[in-house]
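Letter by letter, the chains look like this.
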Amino acid sequence: MRRKFIAGNWKMFNDLKETKNFFESFIPALTKDEQITNAIKNNTLEVAIFPTALSLSTALDNAKDTPIIIGAQNACSDIEGAYTGEISPMHLAKAGITHVILGHSERRKLFYETNSFLNRKVKRALEEGLKVVFCVGETLEERDAGVALAMIREEFQVGLAGIPAKDIAEKIIIAYEPIWAIGTGRTASPEDAQNVCRSIRKMIYGLYDDERAAADTIILYGGSVKPENTKYLITQLDIDGLLVGGASVKADSLIQIVKNSI
Ligand code: PGA
């Protein structure tokens, strides 16, 4: 079912002490806000934090007995084996992690993750029972060349190949993140973001011929989201939530974003 999903992607920020400090401020602020807690109780809002791998256990301990979802920023395409430095999706699931981000543009660009490689990761994560926040988005050059939607379509079609429509709707959250808007302070205009998110929903309908799946899939916008632009973005019809990077590292700004989302 579609609901608002506000996710904080900490990237490589917040060490163990900062993680603890974050939750010490974030949890009371979240739980004492009646509107937020009611929305979470009524299943109309989910709040998720994606800390660094090192901070996952601390985050899980701190968020225990709260509705905050803790997710990982990456997972391997295999569950066990000789993969120095990798994170097993099986280990994540066993530890109580429920979500994983895959296909983030930083992983694609800096770590050379291709659509077909990501497809293996997505399938493995689903097999292990994880939900996947799958990122898509175009570069500025692709946008200027008028091929943004074609690029997104390829990321979607290859990255999510073989995944049935029902799973797309229930287990995959699509995050549209125009690469030119990530960490740059440049946000897509709410109308532009809405148009692309609407096109992604239409694309799901076109690919699967499944109106229900297209209507139910949660689609996020990400890229320079801040407390000040939250309302304009979240009120767009096809934007269900936000994937927040820089502005999620500090508890007060993420709380403000959550508040502005409901
Ligand atoms: P940003 O990052 O909010 O710092 O632009 C978003 C993301 O990369 O998920």
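Predicted model, so just to flag it, every value in this text is computed and none were measured.

1. Here we look at helix α8 (residues 148-159)
Now for step 1: In a regular helix each residue adds 1.5 Å, so 12 residues correspond to 16 Å; α8 covers 16 Å between its end C-alpha atoms and thus fits that length.
Now for step 2: All of the buried residues in α8 are Ala148, Ile152, Glu155, Phe156 and Gly159. For α8, the angular spread of the buried residues around the axis is 95 degrees, confining them to a single face.

2. Regarding the site of the ligand
Now for step 1: In the vicinity of the ligand there are 13 residues, among which Lys11, His104, Glu177, Gly183 and Ser224 approach most closely.
Now for step 2: One nitrogen or oxygen atom from the side chain of lysine 11 is found 2.7 Å from an oxygen atom belonging to the ligand.
Now for step 3: Glutamate 177 is positioned such that a nitrogen or oxygen atom in its side chain is 2.7 Å from an oxygen atom of the ligand.
Now for step 4: When the free accessible area of the ligand is taken as 280 Å², the share hidden by the protein chains comes to 95%.
Now for step 5: Among the residues forming the shell around the ligand, the class breakdown is four nonpolar, seven polar and two charged.

3. Some points on the packing of helix α12 (residues 227-234) against helix α13 (residues 251-261)
Now for step 1: Contact geometry for α12 and α13: axes closest at 8 Å, N-to-C directions at 25 degrees. Looking at the two axes, α12 sits roughly parallel to α13. The handedness of the crossing between α12 and α13 comes out as right-handed. Residues Pro227, Thr230, Lys231 and Ile234 of α12 form the contact with α13, whose participating residues are Ser253, Gln256, Ile257, Asn260 and Ser261.
Now for step 2: Tallied by class, residues from the contact of α12 with α13 come to three nonpolar, five polar and one charged.

4. Quick word on the pairing of strand β2 (residues 45-50)
Now for step 1: For β2, the buried fraction is high: six of the six residues fall into the buried class.
Now for step 2: A two-sided burial pattern is seen for β2, the buried positions comprising Leu45, Val47 and Ile49 on one face and Glu46, Ala48 and Phe50 on the other.
Now for step 3: Pairing analysis gives six bridges linking strand β1 (residues 4-9) to β2, with the strands arranged parallel. Looking across to β2, one finds that glycine 8 is bridged to isoleucine 49.
Now for step 4: With two bridges connecting them, β2 and strand β3 (residues 69-72) associate as parallel partners. Paired with alanine 48 across the bridge in β3 is isoleucine 69.

5. Focus: α12
Each turn of an α-helix holds 3.6 residues, which means side chains three or four residues apart point in the same direction.
Now for step 1: Burial in α12 covers these residues: Pro227, Asn229, Thr230, Leu233 and Ile234. Within α12, the buried residues cover an arc of 145 degrees as seen down the axis, which keeps them to one side. Exposed positions of α12 whose direction lies more than 90 degrees from the buried face are Glu228 and Tyr232.

6. Digging into the nonpolar core
Now for step 1: Core analysis: the biggest nonpolar cluster contains 66 residues, and Phe23, Phe26, Tyr221 and Leu242 have the highest contact counts within it.
Now for step 2: Other than its neighbours up to four places away in sequence, tyrosine 221 contacts Tyr176, Pro178, Ala181, Thr187, Ala188, Ala193, Leu233, Ile239, Gly241, Leu242 and Leu243.
Now for step 3: Counting 13 residues, the second largest nonpolar core, distinct from the first, contains Phe5, Ile69, Ile101 and Ile173.

7. Overview of unusual backbone geometry
Negative phi characterises most residues that are not glycine, and trans characterises most peptide bonds.
Now for step 1: Notably, tyrosine 112 is not glycine yet its phi reads approximately 55 degrees, a positive angle.
Now for step 2: Turning to its location among the elements, tyrosine 112 is positioned in the loop between α5 (105-110) and α6 (115-127).
Now for step 3: Given a relative accessible area of 68%, tyrosine 112 falls into the exposed group.
Now for step 4: The phi torsion at aspartate 209 lies on the positive side, around 50 degrees, for a residue other than glycine.
Now for step 5: Assignment of secondary structure puts aspartate 209 in the loop between α10 (190-208) and α11 (211-216).

8. Some details on the packing of aromatic side chains
Now for step 1: Evaluated as defined, the whole model comprises five aromatic pairs.
Now for step 2: On the basis of an interplanar angle of 70 degrees and a centroid distance of 4.8 Å, the ring pair of tryptophan 10 and phenylalanine 22 is categorised as edge-to-face. Taken together, the residues span a long stretch of sequence, with tryptophan 10 in the loop between β1 and α1 (16-31) and phenylalanine 22 in helix α1 at a distance of 12 residues. Grouping residues by exposure puts tryptophan 10 and phenylalanine 22 together as buried.
Now for step 3: Both rings, one in phenylalanine 22 and one in phenylalanine 23, keep their centres 5.2 Å apart while their planes meet at 75 degrees; by these two values the pair is edge-to-face. In this structure, phenylalanine 22 and phenylalanine 23 share a single accessibility class: buried.
Now for step 4: Aromatic rings pair up to connect Trp10, Phe22, Phe23 and Phe26 into one cluster.

Analysis parameters
Residues numbered from 1 in each chain as written. Predicted model: local features only at pLDDT ≥ 70, side-chain atom pairs only at ≥ 80, totals over all residues. Heavy atoms only, no water. Helix = DSSP H or I, 4+ residues; strand = E, 2+ residues; numbered from the N terminus. Expected span 1.5 Å × (residues − 1). Buried < 20%, exposed > 50% of the residue type's maximum accessible area, 1.4 Å probe, protein only. Arc of directions from axis to C-beta. Near = heavy atom within 4 Å. Polar contact = N/O pair within 3.5 Å; in protein donor to acceptor, adjacent residues only side chain to side chain. Areas by Shrake-Rupley, 256 points an atom, 1.4 Å probe, with all protein chains shown as cover. Nonpolar A, V, L, I, M, F, W, Y, C, P; charged D, E, K, R; others polar. Axes fitted to C-alpha atoms, helices over the stretch in contact; angles between N-to-C directions. Parallel < 35°, antiparallel > 145°, perpendicular 65-115°, else oblique. Left-handed = near helix turned anticlockwise from the far one by under 90°. Contact = heavy atoms within 4.5 Å. Pairing = 2+ DSSP bridges. Core = buried A, V, L, I, M, F, W, Y, C linked by side-chain atoms within 4.5 Å. Phe/Tyr/Trp six-rings, centres within 6.5 Å; stacked < 30°, edge-to-face > 60°.

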